[in-house]
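# Observations on the three-dimensional arrangement
Now for the letters of each chain:
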Amino acid sequence: MVLSNEEVRHIAWLARLGVTDAEVERFREELSVILDHFQSLEELDTRDVPGAPHASLLHNVLRDDVPTASLSSDAVLANAPDTQDSCFRVPPILE
Amino acid sequence: MSGDELHTLSIHAARRLLDSRELSAQELTEACLARIDHVESRVSALLTVCAETALAQAAAADRALSSAQAAPMTGIPFIAKDLLCTRGIPTTCGSRILEGFVPPYDATVIERLLDQHAVLLGKANMDEFAMGSSTEHSAYFPTHNPWNLDCVPGGSSGGSAAALAAGEALFTLGSDTGGSIRQPAGFCGVVGLKPTYGRVSRYGLVAFASSLDQIGPFARDVEDCALVMNAIAGQCARDATSAPLAVPDFTACLTNDVRGLRIGVPKEYFIEGMQPEVRHSVEEAIATLERMGASVRRDLSLPSTKYALAAYYIIAPSEASANLARYDGVKYGFARRLATAEESISATRGAGFGQEVKRRIMLGTYALSAGYYDAYYLKAQKVRYLISDEFQKAFKECDVLAMPTSPTVAFPLGSKLNDPMQMYLSDVFTLPVNIAGIPALSLPCGFVGGLPVGLQLMADRFREDLLLKVGHAYEQSTEWHLQRPKM
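Note that the coordinates shown come from a computational prediction; the quantities given were computed from them, not determined experimentally.

## Details of the overall build of chain A
A count of helical and extended segments in chain A gives three helices and two strands. Ordering the α and β elements of chain A from the N terminus gives α-α-α-β-β. Its C-alpha atoms give chain A a radius of gyration of 22 Å, clearly above 12 Å, the size a compact globule of 95 residues would have. Dimensions along the principal axes, computed over C-alpha positions, put chain A at roughly 55 × 45 × 25 Å. Here chain A, with 95 residues, has 16% of them falling under the buried criterion.

Here it is in structure tokens:
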């Protein structure tokens, strides 16, 4: 399984992960080796296998729709790099 | 017992001394803090030491003890992996991207322990976001194995394992997604338990792979392990994956009687390429259990075992790529600001994450992306079903399975950093357990060249009692768990 530099850059973009040229080249090599190992799964016939149930074997765990205490806005904003009027402040999203 | 040795007490021994008031929580906490001062420059197990808050907690513990309001964990000093949120105390997950982050809440397990007036001494070093098997991927510094400072303590909970082995606390907490409690427990000669998925609440555990992560104890012996489990296990309203099952008294199964217990030894865990002395120590341990009355069958085969590595390295990074999407420099942590939001997020993540984390985010993103999801993630989930099913069938005929925790003992620092696959292979005996969601225990069973060997026991879901029973019985006949590194 050999990835191209373009594919690596695309994956990095999907993950919003800034990567240098050197990193692209290194990841290209490392990921190709790792992905090769995954080919071994092709040896297993899984046509009749249902997908795995959730790890906890539970589903639809719900509680009553009643508001309960949560964190205060101050607590939530306390770690933010930049805030304004109880909002997180970020650089422009749209041009 | 002299003040010099208080840090070596087991929880059960400390409990007696605290309850009879022969020992105060303050003395015990001070002894551990002094021990930390004495060994930390050599071991580097901790990212944060909370001496002030610890002493205040010890004072509160002493007040509870004097007014006969002590609980099983009152006054017991512990250390928590830095992946666990601790209110008011920095929590970095071993990453630069959370440098300076101070959680506004405690993880459920922390809350439960502090409610009993246990004493939190500090936060332990770890591989960044729990991704690693040596603690060398901590963004801060590597931790050293107390048995040989040139060797790794294992990972990703290497700090928790090393801190306990070095005597810095009476127990520690770690997390296990692919072996991150058991492998360092094996490398550091302590007891480590990964509970059944859902046995312990994950609320406040920073998520790596949500279908695999579990919090668990490191302890000096199996009885201590059971005591910690009593305190931390149980359903939690804030973790929808926590099991609605009553918590038994985990000490009730410590009967020192394994007669008639069926132990299975799967062939696939005794392979070429494992250290012969490790194989020997583990086979000796199994023979000891046989002499104690357990029946052992060595003809067991779990053919899907060899596919667990590939399944894990698709599932875990896929889930991690989703869980780590939240680190964007907007709500907390390190932030790099450029002209637009997208550039800022990209630059923040590029600078804030280490190489191993980036590698796994990339792997996971690829496996989940359009055109590849069926071939990778879906396929891995089906393989997961096969692996779980195989264990289910094995547990119809065996009470526990026994095998080594790792193919080798602790390796030298730096020796596996050039080849990611090499590092991944050190988890080959621990990964299948997380894939299947079953519980597993590692306990010391020997030494090779002065480095500890771990015996691993696996049991069916919610049968931690069987692991503890067998482990405890083994300890009554051996003294490996009583050995301490010379520090």
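## Observations regarding the environment of Tyr-373 of chain B
Residues and elements named next belong to chain B. Mapped onto the elements of the fold, Tyr-373 is located in the loop between helix H11 (355-368) and helix H12 (374-397). Overall, the presence of 13 C-beta atoms within 10 Å leaves Tyr-373 in the partly exposed class. Residues Tyr-373 and Ser-318, 55 residues apart in the sequence, show an inter-C-alpha distance of 9.8 Å. Beyond its immediate stretch of four places on either side in the chain, Tyr-373 contacts Leu-368 and Leu-378.

## What about the confidence of the model for chain B?
Per-residue pLDDT for chain B averages 96, and the proportion of residues at 70 or more is 100%. Model confidence for the complex is summarised by a pTM of 0.97, with the ipTM given as 0.94.

## Quick notes on the nonpolar core
Residue and element names in this part refer to chain B. Counting 171 residues, the largest nonpolar core has Phe-78, Leu-121, Ala-311, Ile-314, Val-400 and Leu-457 as the members making the most contacts within it. Ranked by residues supplied to this core, first place goes to helix H9 (residues 308-323) with ten residues. Summarising the domain contributions, this core has at least three residues from each of domain 1 (6-259 + 402-482) and domain 2 (307-378). Look past the residues within four positions of Phe-78 in its chain and what remains in contact with it is Leu-113, Ala-118, Leu-120, Leu-121, Ala-169, Leu-170, Phe-171, Thr-172 and Leu-173.

## Points about helix H10 (residues 341-352) of chain B
With twelve residues, H10 of chain B should cover 16 Å at 1.5 Å per step; its first-to-last C-alpha distance of 16 Å lies within 8% of that length. Those residues of H10 of chain B that sit buried are Ser-344, Ile-345, Ser-346, Thr-348, Arg-349 and Gly-352 of chain B.

## Considering the interface of chain A and chain B
Contact residues are listed per partner, giving 39 residues for chain A and 55 residues for chain B. For the side of chain A that touches chain B, the element with the highest residue contribution is helix H2 (residues 21-38) of chain A, accounting for seven residues. Residue composition of the side of chain A that touches chain B, grouped by class: 29 nonpolar, seven polar and three charged.

Conventions we followed
Residues numbered from 1 in each chain as written. Chains lettered and ligands numbered in written order. Predicted model: local features only at pLDDT ≥ 70, side-chain atom pairs only at ≥ 80, totals over all residues. Helix = DSSP H or I, 4+ residues; strand = E, 2+ residues; numbered from the N terminus. Rg over C-alpha atoms; globule rule 2.2 N^0.38 Å. Buried ≥ 20, exposed ≤ 12 C-beta atoms within 10 Å, placed from the backbone. Contact = placed C-beta atoms within 7 Å. pLDDT = per-residue confidence, 0-100. Core = buried A, V, L, I, M, F, W, Y, C linked by C-beta atoms within 7 Å. Domains from an automatic or database assignment. Expected span 1.5 Å × (residues − 1). Nonpolar A, V, L, I, M, F, W, Y, C, P; charged D, E, K, R; others polar.

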